[in-house]
Structure formats: structure tokens, C-alpha cells
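What the coordinates show
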Amino acid sequence: MSQVVVITGGNSGIGKALAVRYGQAGAKIVLTGRNLSRLAEVKQILTGMGVDHLAIQADAASEEDNERVVANTIEKYGRIDTLICNAGITMRALFEELDLSVFKQVIDINFWGTVFICKAALPHILESKGSIIGISSINGHRGTPARSAYTASKYAMEGFFESLRTEVMKRGVHILVVSPGFTGTNIRNSALTASGASQGTSPRDEGKMMTAETVADKVFKAHKKKKRDLVLTFQGKLAVFLNKWIPGIVDNIVYNTMAKEPDSPFK
């Protein structure tokens, strides 16, 4: 029986790459996203591959939308084997200048979006003894300046999944938390500024980053091996290791690194 894989934020970046990778492996794919045109693009790709799929326009921050995603999935396929919580947004602004509505928006999408879809899907994951995969970030291990809301959302995700994993680990459910390093996606282009406007351009060289396709392949392989955690890129692994042992020194390293970004908020 083909696995049924639900991917939130599956219309671009890592989510899109995951839809293709799992589709290649024969899974039935359910993908969600707010942008209809991007959903249509991924839908066309999956159709061309001959992948059985369902694309649903949904807002990750909406509890009702997440419940509808699960209901539609069960109506069409009758089961959920893997849930990949990927929908997310970032921001770039000093906290002192950040409109709190922007902070709330990031938390609502990244953290509450994860909680909502997990709550709705968990009974079906328990029934199938399936997997939940959370796409977190190195920011879930090490905070960075001018990304306070994003960092808070990812730390919250990490804690949520650690707790949930312990609750269900004796019931046949596998939970993998993935922390990609810098990945070449459009997440920095669409990052929110202090006022909530889209940043528009990335402050980093996207071409030198790990590709979304590489991330998707590594996630797929870690899932097959039922790994607990996956930290990606040498820089990401180094940041997690050093922050555990010399956090004070890492504070300065991170500050200096971020201060060198084009249009850095540090004056």
C-alpha cells in the first residue's frame, strides 16, 4: 500500500522538494499552501510524474483550515501515514523596532500551524503507527539577532516535538525533527520586515547554500532510518555544537556574522 504523506507549505522551497521526493518513492501526496498559483505549479509537476496527489489551499495559521486538510485527506485516501510540518515564514528586524503583530504572525504560522495540524492528524498517525516530521531550523538550537520571532517559533517547535515524541514513542509513532542550515529557498526573499512588509530580496548568496532538493533527499533517508534528529550543513552542526559548550563566544560570532549582512539592521 502506498504511503499517504501530508506536507504543509508544500507549494515552494523545501516543501515542494519533499513533495517531489516522496512522490518519486511512490507515495500519495497531499500538499497545502496559501498561494494558488504555486500550488498549481507543484500540482502540474506531480501530475507529470504520475503521482497521485491532492493540493489544498490552506492557511497554516488557521485551526479550521488544518482540520479541513486532515478531513479532506481522510475522505480521499482513508489514512495518513506521514505528516510533514513544513509551513513557515521568517522575519528580519530588531525586536525593539518590530511591530508585535509581525511577531504574532510568525508564531501563528510556524508554531501554532504545527500544533493545529498535529492535533488534527494525530489520531490517524496513531492508527497507522506512522511518522511526524517537523521542519525546524538551526534557529531552534541557537538564536540569531534580528530574528527573534523566528527563533522563538523554532524553539517552541523543538520543545513541542520533544514532549510529543515522549508521549507517543511507546505507541509506534516515529517523530523526526529536522534542522536545516541555510537552504537556497525563497524564505529570505519573503521574510517580514519590522512593519510586516515582505523583505523582497535575500541578504545572502542563495546560490552557495544547500539546495531544497538536497534537504528533501536527506529528510527522506533519515525518515527511512527512523532517526530522531537531523541537523544539516557543516555550519549548522558547528553552530549547534559550539553553542552547547561556548555560548558566550558564539554570541559574539553570531553578532559579527549578522552585522556583515547587506542592509544589516545593526547600525
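Described in the following lines is the structure provided in the data block. (Residues numbered from 1 in each chain as written. Predicted model: local features only at pLDDT ≥ 70, side-chain atom pairs only at ≥ 80, totals over all residues. Heavy atoms only, no water.)

Throughout the structure, instances matching the rule amount to six aromatic pairs. Where Phe 95 meets Phe 103, the ring centres are 6.0 Å apart and the plane angle is 80 degrees; that geometry is what we call edge-to-face. Aromatic ring contacts, followed pair by pair, group Phe 111, Trp 112, Phe 116, Phe 160 and Phe 161 into a single cluster. Its guanidinium or amino end placed over the ring of Phe 220, Arg 21 lies 4.0 Å from that ring's centre, counting from NZ or CZ. (Phe/Tyr/Trp six-rings, centres within 6.5 Å; stacked < 30°, edge-to-face > 60°. Lys NZ or Arg CZ within 6 Å of the ring centre and 35° of its normal.)

On to a nonpolar patch on the surface. Among the surface-exposed residues, Phe 241, Trp 245, Ile 246, Ile 249 and Ile 253 lie close enough to one another that they form a single nonpolar patch of about 530 Å² accessible area. Where the nonpolar patch is concerned, the elements lending two or more residues are helix 7 (234-245) and helix 8 (247-259). Mapped onto the secondary structure, Trp 245 falls in helix 7. (Patch = residues over 30% accessible without salt bridge, like charges linked within 9 Å, V, L, I, M, F, W, Y side chains within 5 Å. Areas by Shrake-Rupley, 256 points an atom, 1.4 Å probe, with all protein chains shown as cover. Salt bridge = Lys/Arg side-chain N within 4 Å of Asp/Glu carboxyl O. Helix = DSSP H or I, 4+ residues; strand = E, 2+ residues; numbered from the N terminus.)

Residue position: Ala 194 is located in the loop between strand 7 (183-184) and strand 8 (210-211). The sequence separation of Ala 194 and Ser 12 amounts to 182 residues, and the corresponding C-alpha distance is 24 Å. Look past the residues within four positions of Ala 194 in its chain and what remains in contact with it is Arg 92, Ala 93, Glu 97, Leu 98, Asp 99 and Val 102. (Contact = heavy atoms within 4.5 Å.)

Turning our eyes to something else, we now look at the pairing of strand 5 (residues 131-135). The buried count for strand 5 comes to five of five residues, which makes it a mostly enclosed element. Here strand 5 shows two buried faces, one formed by Ser 131, Ile 133 and Ile 135 and the other by Ile 132 and Gly 134. Here strand 4 (residues 82-85) runs beside strand 5; their pairing, made up of four bridges, is parallel. Residue pairing for strand 5: Cys 85 is matched across the bridge by Gly 134. (Buried < 20%, exposed > 50% of the residue type's maximum accessible area, 1.4 Å probe, protein only. Pairing = 2+ DSSP bridges.)

Another aspect to go through is the sheet that holds strand 5. Strand order in the open sheet formed by seven strands is 3-2-1-4-5-6-9, and the pairing between neighbours is parallel. In this open sheet, the two strands that pair with only one neighbour each are strand 3 (53-57) and strand 9 (229-231). For this sheet the average axis-to-axis angle between neighbouring strands, irrespective of direction, equals 15 degrees. In the sheet, strand 1 (residues 4-7) pairs with strand 4 via three bridges, with the strands oriented parallel. Counterpart to Val 5 in the pairing with strand 4 is Thr 82. Relative to strand 6 (residues 174-179), helix 5 (residues 148-168) is tilted by about 160 degrees, and along the sheet it contacts strand 4, strand 5, strand 6 and strand 9. (Axes fitted to C-alpha atoms, helices over the stretch in contact; angles between N-to-C directions.)

Scanning the entire structure with this criterion turns up 11 salt bridges. Across the pair Arg 92 and Glu 261 runs a salt bridge whose closest N-O atoms are separated by 3.1 Å. One end of the pair, Arg 92, is in the loop between strand 4 and helix 4 (100-128); the other, Glu 261, is in the segment after helix 8, and 169 residues separate them in sequence. For Glu 162, the salt bridge identified is with Arg 228, shortest N-O distance 3.7 Å. Taken together, the residues Glu 162 in helix 5 and Arg 228 in the loop between helix 6 (212-224) and strand 9 connect sequence positions 66 residues apart. With relative accessibility at 45%, the residue Glu 162 sits in the partly exposed group. The class for Arg 228 is partly exposed, based on a relative accessible area of 41%. When salt bridges with common partners are traced through the structure, they connect Glu 162, Arg 165, Arg 228 and Asp 229 into a single cluster.

The subject of this paragraph is the packing of helix 1 (residues 13-24) against helix 6. Packing of helix 1 against helix 6 brings their axes to within 8 Å, and their N-to-C directions diverge by 55 degrees. It follows that helix 1 is oblique to helix 6 by the angle criterion. As helix 1 packs across helix 6, the resulting crossing turns out to be right-handed. Contact residues: helix 1 offers Gly 13, Ile 14, Ala 17, Leu 18, Arg 21 and Tyr 22, while helix 6 offers Ala 212, Glu 213, Val 215, Ala 216, Asp 217, Val 219, Phe 220 and His 223. For the contact of helix 1 with helix 6, the residue count by class is nine nonpolar, two polar and three charged. (Parallel < 35°, antiparallel > 145°, perpendicular 65-115°, else oblique. Left-handed = near helix turned anticlockwise from the far one by under 90°. Nonpolar A, V, L, I, M, F, W, Y, C, P; charged D, E, K, R; others polar.)

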